[in-house]
Amino acid sequence: MMTFLLASNNPNKLRECREILEKDGIRIISFKEAGIESNPEENGTSFKENAFIKARAAMEKSGLPALADDSGIVVRALGGAPGIYSARYGGLDDEGKQRRLLLREMEGKTDRAAAFVASIACVFPDGKELWTEAECRGELTEEERGTGGFGYDPIFLPAGFTRTTAEMSPEEKNAISHRGKALRMMEERLRAYLEGEEK
Ligand code: IMP
């Protein structure tokens, strides 16, 4: 059994990471379960940098292998905003207010292309680092639909689907989401690394 600390204070990310990764010898624990707190300044300039800032800080505090997800929504008509600032878009810390702000910013825009991006960093106490990143392309709706998921899910329609990610079951969302894809890639990398270690 390999235990990883998930470097996140977001309960929704913890839930999704568990749904996707927890099987066949991989276990995820939260900050609360590890009895530690970690809130490093996310001052990187990319999803990747911020994922590594969080994973390294968590590994150093706990001595455990740590996984971190840095993610967000990138909107083409807004030059890539909110991007790495998705969790504090407009200086707001309320997800409903952030969604309403984004819909207001998009009023009258015909190009509604958007993508969710997830960057996953894994840092081991021996210094080994692994990284994966994936996106889920789609577009922004004109109004909120659905109550599942979190964050921008009620206003994000993945390409090829007629339902928002907030109208999907957790399994459906995980099958196509940025986080689902990046975590499944990470799982492969982790298993390959751990098998190599054991030999
Ligand atoms: P982070 O915790 O700094 O990585 O910020 C991630 C933010 O991006 C979240 O707070 C959400 O606003 C947004 N986000 C990331 N993944 C998702 C998702 O799967 N659905 C909806 N919003 C997401």
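The coordinates are above.
Participant: Is there a simple way to explain the site of the ligand in this structure?
Facilitator: Around the ligand, the surrounding shell holds 17 residues, and the nearest of these are K13, S71, K173, H178 and R179. In this structure, D153 approaches the ligand through a side-chain N or O atom, which is 3.0 Å from a nitrogen atom. K173 is positioned with one of its side-chain polar atoms (N or O) 2.8 Å from an oxygen atom of the ligand. Here the ligand, which alone exposes 490 Å², has 94% of that area covered by the protein. Contributing elements (two or more residues each) for the shell around the ligand: β3 (66-75) and α6 (178-198). A per-element tally of the shell around the ligand places β3 first, with 4 residues.

Participant: Would you mind showing me how to read the packing of aromatic side chains here?
Facilitator: Each pair of aromatic rings is reported with the distance of its centres and the angle of its planes. Applying the stated criterion across every chain yields a total of 3 aromatic pairs. Taking 6.0 Å as the distance between ring centres and 80° as the angle between the ring planes, the aromatic pair formed by F4 and F124 counts as edge-to-face. Of the two residues, F4 is situated in strand β1 (residues 2-6) and F124 in the loop between β4 (113-123) and β5 (129-140); the sequence distance between them amounts to 120 residues. In this structure F4 comes out as buried when scored by relative accessible area, which is 0%. Look at F124 and you get buried, because its relative accessible area is 4%. Through a chain of ring-to-ring contacts, the aromatic side chains of F4, F124 and Y193 assemble into a single cluster.

Participant: What is the right way to read the sheet that holds β5 from this model?
Facilitator: To summarise the sheet geometry, strands pair through backbone hydrogen bonds and adopt either a parallel or an antiparallel arrangement. On the basis of which strands lie adjacent, the open sheet formed by 6 strands has the order β2-β1-β3-β4-β5-β6 and mixed pairing. What marks the edges here is a single partner per strand, and that holds for β2 (26-29) and β6 (156-158). Averaged over all adjacent pairs, the angle separating strand axes in this sheet is 35°, with direction ignored. Strand contacts of helix α1 (residues 11-21): β1, β2 and β3, with the helix running at about 175° to β2, the strand carrying the most contacts.

Participant: Got a minute to help me understand the pairing of β1 in this structure?
Facilitator: Regular strands show a simple pattern: their side chains alternate between the two faces of the sheet. Burial analysis of β1 places 4 of its 5 residues in the buried class, the great majority of the element. Across 4 bridges, the pairing between β1 and β2 is parallel. In the sheet register, F4 faces β2, and the bridge partner there is I28. Here 2 bridges tie β1 to β3, and the two strands are oriented parallel to one another. Considered in β3, the bridge of L6 is made with L67.

Participant: Please clarify how the state of the cysteines should be interpreted in this entry.
Facilitator: Throughout this description, disulfide means a covalent bond between two cysteine sulfur atoms. Taken as a whole, this structure holds 0 disulfides when the rule is applied. There is no disulfide at C17, and the cysteine sulfur nearest it, in C122, is 12 Å away. Judged by relative accessible area, which is 1%, C17 ranks as buried. Residue classification places C122 among the buried positions, given a relative accessible area of 0%.

Participant: When you look at unusual backbone geometry in this model, what are you seeing that I'm missing?
Facilitator: For residues besides glycine, phi is generally negative; the peptide bonds are generally trans as well. With an omega of -10°, the peptide bond between A81 and P82 qualifies as cis. Tracing the backbone through its elements, the reader meets P82 in the loop between β3 and α4 (95-105). A positive phi is found at D24, a non-glycine position, where the angle reads about 45°. With respect to the helices, strands and loops of the structure, D24 is situated in the loop between α1 and β2.

Rules behind the numbers
Residues numbered from 1 in each chain as written. Predicted model: local features only at pLDDT ≥ 70, side-chain atom pairs only at ≥ 80, totals over all residues. Heavy atoms only, no water. Near = heavy atom within 4 Å. Polar contact = N/O pair within 3.5 Å; in protein donor to acceptor, adjacent residues only side chain to side chain. Areas by Shrake-Rupley, 256 points an atom, 1.4 Å probe, with all protein chains shown as cover. Helix = DSSP H or I, 4+ residues; strand = E, 2+ residues; numbered from the N terminus. Phe/Tyr/Trp six-rings, centres within 6.5 Å; stacked < 30°, edge-to-face > 60°. Buried < 20%, exposed > 50% of the residue type's maximum accessible area, 1.4 Å probe, protein only. Pairing = 2+ DSSP bridges. Axes fitted to C-alpha atoms, helices over the stretch in contact; angles between N-to-C directions. Contact = heavy atoms within 4.5 Å. Disulfide = S-S within 2.5 Å.

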